Amino acid sequence: MSNKRFSLVLCILLCFIILSQTIFVVVDVIYGAFIPKLLNERLRNKKKLIKQNFKLLNQPSLLQKQKQYKERENNNYSPVILIGGLGGSALMSERQNAKEPHWWCKSNTGPFQLWASLEEMIPYVTEECLSHDMSLELKRVNFSLQNSAFLLTQQDDGVLIYGKDLGGLSGVNYITNIEIEKGMYMNTLTSYLMKTANYVPGKSLRALTYDWRLGPAEWKISKRTNSNVKIGGDFENLKELIEETFRLNGNQKVSLLGHSLGGPFIQLFLAGYVTEEWKSKFVKQMISVSGSFDGDVHSPVFYTVGDNYGLPFFLEKTAKEMIHGFGSTHYMSPLVSPYNYPMLIYKNNVTGEIVNYFSNPTDYKKLFSDANITQAWNTFLNEVTSVNDIKFKAPNVTLHCIFGTDIWSATQYKYEGNKQLKDLLYSDMKESVWEKGDGTIPNYSLEICSNFKQSFPVNTYKFSGSTHISIMFEQQLFDKLLEIL
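All of these numbers come straight from a predicted model, not from anything done at the bench. (Residues numbered from 1 in each chain as written. Predicted model: local features only at pLDDT ≥ 70, side-chain atom pairs only at ≥ 80, totals over all residues. Heavy atoms only, no water.)

**A few points about the overall build of the chain**
In terms of helices and strands, the chain carries 16 helices and 15 strands. Within the chain, the fraction of its 485 residues that count as buried is 54%. By sequence separation, contacts in the chain at least 24 residues apart represent 74% of the contacts at least 6 residues apart. In the structure as shown, the chain presents an accessible area of about 21700 Å², 54% of it carried by carbon and sulfur atoms. (Helix = DSSP H or I, 4+ residues; strand = E, 2+ residues; numbered from the N terminus. Buried < 20%, exposed > 50% of the residue type's maximum accessible area, 1.4 Å probe, protein only. Contact = heavy atoms within 4.5 Å. Areas by Shrake-Rupley, 256 points an atom, 1.4 Å probe, with all protein chains shown as cover.)

**Here we look at helix H14 (residues 376-385)**
Along H14, the positions that sit buried rather than exposed are Ala376, Thr379, Phe380, Asn382, Glu383 and Val384. Turning to H14, the residues buried within the fold contact strand E4 (136-142), strand E5 (148-154), helix H6 (216-219), helix H10 (298-305), helix H12 (328-331) and helix H13 (361-370).

**Side note on the pattern of salt bridges**
Here the structure, examined in full by the defined rule, presents 17 salt bridges. When the shortest N-O distance is used, the salt bridge between Glu244 and Arg206 registers 2.8 Å. Here Arg206 lies in strand E7 (residues 205-208) and Glu244 lies in helix H7 (residues 234-248), a separation of 38 residues in the sequence. The salt bridge involving Lys279 is made with Glu276; its shortest N-O contact spans 2.9 Å. Of this pair, Lys279 and Glu276 both sit in helix H9 (residues 276-282), three residues apart, which is roughly one turn of that helix. A relative accessible area of 2% places Lys279 in the buried class. A single network of salt bridges, built from pairs that share partners, joins Arg95, Glu100, Glu120 and Asp133. (Salt bridge = Lys/Arg side-chain N within 4 Å of Asp/Glu carboxyl O.)

**Focus on the packing of H7 against helix H8 (residues 262-273)**
Two numbers describe a pair of packed helices, the interaxial angle and the distance between the axes. It is the contact of H7 with H8, at a shortest axis distance of 11 Å, that shows an interaxial angle of 85°. Relative to H8, the element H7 lies roughly perpendicular. Contacts between H7 and H8 involve Asp234, Phe235, Glu236, Leu238, Lys239 and Ile242 on the former and, on the latter, Phe265, Leu268, Phe269 and Tyr273. Here the residues of the contact of H7 with H8 are counted per class, giving seven nonpolar, no polar and three charged. (Axes fitted to C-alpha atoms, helices over the stretch in contact; angles between N-to-C directions. Parallel < 35°, antiparallel > 145°, perpendicular 65-115°, else oblique. Nonpolar A, V, L, I, M, F, W, Y, C, P; charged D, E, K, R; others polar.)

**Observations regarding the nonpolar core**
Of all hydrophobic cores here, the largest spans 118 residues; its most connected members are Ile81, Trp115, Met134, Ile242, Leu270, Ile402 and Leu477. When residues no more than four places from it in sequence are discounted, the contact partners of Leu270 are Leu256, Lys279, Val283, Met286, Pro395 and Val397. Counting five residues, the second-largest nonpolar core is a separate cluster that includes Val141, Leu151, Ala217 and Val229. (Core = buried A, V, L, I, M, F, W, Y, C linked by side-chain atoms within 4.5 Å.)

**Side note on the sheet that holds strand E15 (residues 458-464)**
Sheet strands line up and pair through hydrogen bonds in the backbone, either parallel or antiparallel. Sheet architecture is open: six strands sit in the order E7-E1-E8-E9-E12-E15, paired in parallel fashion. Looking at which strands have only one partner, the edges of the open sheet turn out to be E7 and E15. Strand-to-strand twist of the sheet, defined as the mean angle between neighbouring strand axes without regard to direction, takes the value 20°. Sheet analysis places strand E1 (residues 80-83) next to strand E8 (residues 254-259), joined by four bridges and oriented parallel. (Pairing = 2+ DSSP bridges.)

If you want it as structure tokens, here you go:
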């Protein structure tokens, strides 16, 4: 009888191994045969889209403008460093004895692109490996015997995450590891600047790829002087990149261009990390495009219920678990919202419970507690209090504020159904109130840029009908940037 049981167990085990190997072969075949065809088709569509919608190549008026711009010497344009928004920098990963959730995740690797790699986002296969590597937790980090601080660190000490191609463009042109339309970010802008104004990638046109998962508490920490800090230090990287770019371009002052979260990132850097003397030597100006200086209500809701960043193959549940450790979403939660109605209304049809959550720290604390998200409130406090004194402090350099207007932007979300709050996903939420903005950020948050009080000029350019993302592909933005640069 025991032999029969042993044979049965062995048979089941062999069947499982054969089935798992078959699944991997099928996935490999599909990925190797079908996906490239799909990507090639998308690439053709992307080129067609650029020609038809962005009209970068075929307009006679544009060609005339390009000729006029090229007649100017290239050194009339200042070198520029680009900084993307939340999710807008490709991230690399390295694993060394990592405690991965599955054997196929590989515990030891060389550097590879993690965010946003299509190979790492196969649902139910590699997606959990990506979520594991991207996950953070709040820990006390010792700098010395007398000095320590709470910082977000990797949940798994065997994983190291950092920005792709620091100083180059490949980490912001496309966020995906393969050039597909869904992953295109700054490629249209950088191509235009190179073709029209003779910018040189890696020299006069550069990008800071930073760890956007973190918040200001980690960005401002120095990894050079604190050996126990493995991630973060992004302000330190930006400072060194500016100084290097200054030298590479004959001691020309550098322009800093930030999109979305990139705008507040630059503002914090200039307002609190470097001195006035340093800025006067190295920085020409700050350019904020769609800068979200008080964030938007999407951030606390997004933190609570998750979001797959518009990537349809990225499972919402996996994204939700990953996002619960992030710090940047806390920093982008509104603190000075002018609206007197709730940002979130939760109604449970089973229990009859109705809860209104407003855009303020007290209600954020209640929301995190009700959703049963551990460490959320402590992480919120850690990020927000780390920059209390400079959250809305002027950068004190020449400032250009560019953003879209006249588009309804969600300022309230609502759920009504049978799910508990802790089980909600982003697709369960419904937008229920809107205010004018750029389709993502409301006007008041965008206009904080225009209202900074400083001795340097503040210039505002509003583009009616431009959305938070579409502005990065529009000719009017490119023309305005050439005037500014």
